[in-house]
Amino acid sequence: MNRIQAANSLLAALPRKNYLRLLAGLELVTMNFGEVLYEPGQPIQEVYFPTQSLVSLLTLVEGHLALEVGLVGWEGMVGFPLALGVEVSPVRALVQGAGPALRMSAARFRAELRRSPPLQRELHRYVNTMMAQISQTAGCNRFHVVEPRLARWLLMTRDRVRAGEFRMTQEFLSHMLGVRRVGVTEAASALQKRGLIEYRRGHINILDHRGLEKAACACYERVRDMHGAVAP
Ligand SMILES: [Zn+2]
């Protein structure tokens, strides 16, 4: 099998023949910062394979800020409940890193899935790693304090966009971490004082990723190790 130069690692893991057939039904789109792809309880109309974009999966708890439970970048797919035969999203899917993705209609994706056992296998593997990521995130949100969680989140984002610089507003960060803005500011300032990041006007630059790995809780490594395909 020739190695495929796909910009999404889930697609790149497919045999060439299956990849090319899938590619014929994929459309390159640009996703905009803040765009909502799905709402909880709504039918999934399209699936997305991010190439250089980042999508946050958020759970809504009445009376609280939306809380991030998962992140999808170039290693994965948005809309994976379809791989389990479920056509409704349990979460809000929100674009938080603008950029390109490959898009396919849900109907076509279901048809492709039926005829491609390799695609089924990759999706099942991916759903399993997402279950692990979501479980770890639940534990992390409950037991770990904001600063190591922010460090974990920055590293997870870096891996999924394959860049150490990205845009992120305090409002978004407070949703990601489930804390008020002041808590985000304090944690970001603490990481900045330690020389690990530079953070200004919604722009984050990771200056010392090894140091940031040390500052992050162990949840980062656990999730990374479960996602074999995530960039080093
Ligand atoms: Zn943690």
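Computed from a predicted structure; not experimentally measured.

Turning our eyes to something else, we now look at the nonpolar core. Counting residues in each nonpolar core, the largest one holds 39 residues, and the members touching the most others are L11, L37, F49, L57, M77 and F109. For this core, the element with the highest residue contribution is helix α4 (residues 117-143), accounting for five residues. Contact partners of L57, with chain neighbours within four places excluded, come to L67, E68, V69, G70, V72, F80, V91, R92, A93 and M130.

Looking now at the packing of aromatic side chains. Applying the stated criterion across every chain, the model contains four aromatic pairs. Centre to centre, the rings of F33 and F172 are 4.7 Å apart; their planes meet at 25°, and the pair counts as stacked. Here F33, found in the loop between β1 (27-31) and β2 (36-38), pairs with F172, found in helix α6 (residues 170-177); they are 139 residues apart in sequence, far enough to count as distant. Residue classification places F33 among the partly exposed positions, given a relative accessible area of 22%. Plain terms: the ring middles of F80 and Y126 are 5.7 Å apart, the flat faces sit at 85° to each other, and that makes the pair edge-to-face.

Our focus in this paragraph is the coordination of the zinc ion. Of the protein atoms, only C140 (SG), H144 (ND1), C217 (SG) and C219 (SG) coordinate the zinc ion, at distances of 2.1 to 2.4 Å. Classification of the site at the zinc ion rests on its four donor atoms, whose angles at the metal span 101 to 118°, yielding the label tetrahedral. Counting gaps between the donor residues of the zinc ion yields the pattern C-x3-H-x72-C-x1-C. Pair noted here: H144 is in the loop between α4 and α5 (146-161) and C217 is in the loop between α8 (209-215) and α9 (219-226), with a separation of 73 residues, a long-range link.

Another aspect to go through is the pattern of salt bridges. In this structure the tally under the stated criterion is 16 salt bridges. Here D159 makes a salt bridge to R158, at a shortest N to O gap of 3.0 Å. Its relative accessible area of 10% is what places R158 among the buried residues. A salt bridge links R224 to E213, with the shortest nitrogen-to-oxygen separation between them at 3.9 Å. One end of the pair, R224, is in helix α9; the other, E213, is in helix α8, with eleven residues separating them in the sequence. A relative accessible area of 26% places R224 in the partly exposed class.

How each quantity is defined
- Residues numbered from 1 in each chain as written.
- Predicted model: local features only at pLDDT ≥ 70, side-chain atom pairs only at ≥ 80, totals over all residues.
- Heavy atoms only, no water.
- Core = buried A, V, L, I, M, F, W, Y, C linked by side-chain atoms within 4.5 Å.
- Buried < 20%, exposed > 50% of the residue type's maximum accessible area, 1.4 Å probe, protein only.
- Helix = DSSP H or I, 4+ residues; strand = E, 2+ residues; numbered from the N terminus.
- Contact = heavy atoms within 4.5 Å.
- Phe/Tyr/Trp six-rings, centres within 6.5 Å; stacked < 30°, edge-to-face > 60°.
- Donors = N, O, S within 2.8 Å, 3.2 Å for Na, K, Ca; no water.
- Tetrahedral: all angles 85-135°; square planar, octahedral: opposite > 155°, others 65-115°.
- Salt bridge = Lys/Arg side-chain N within 4 Å of Asp/Glu carboxyl O.

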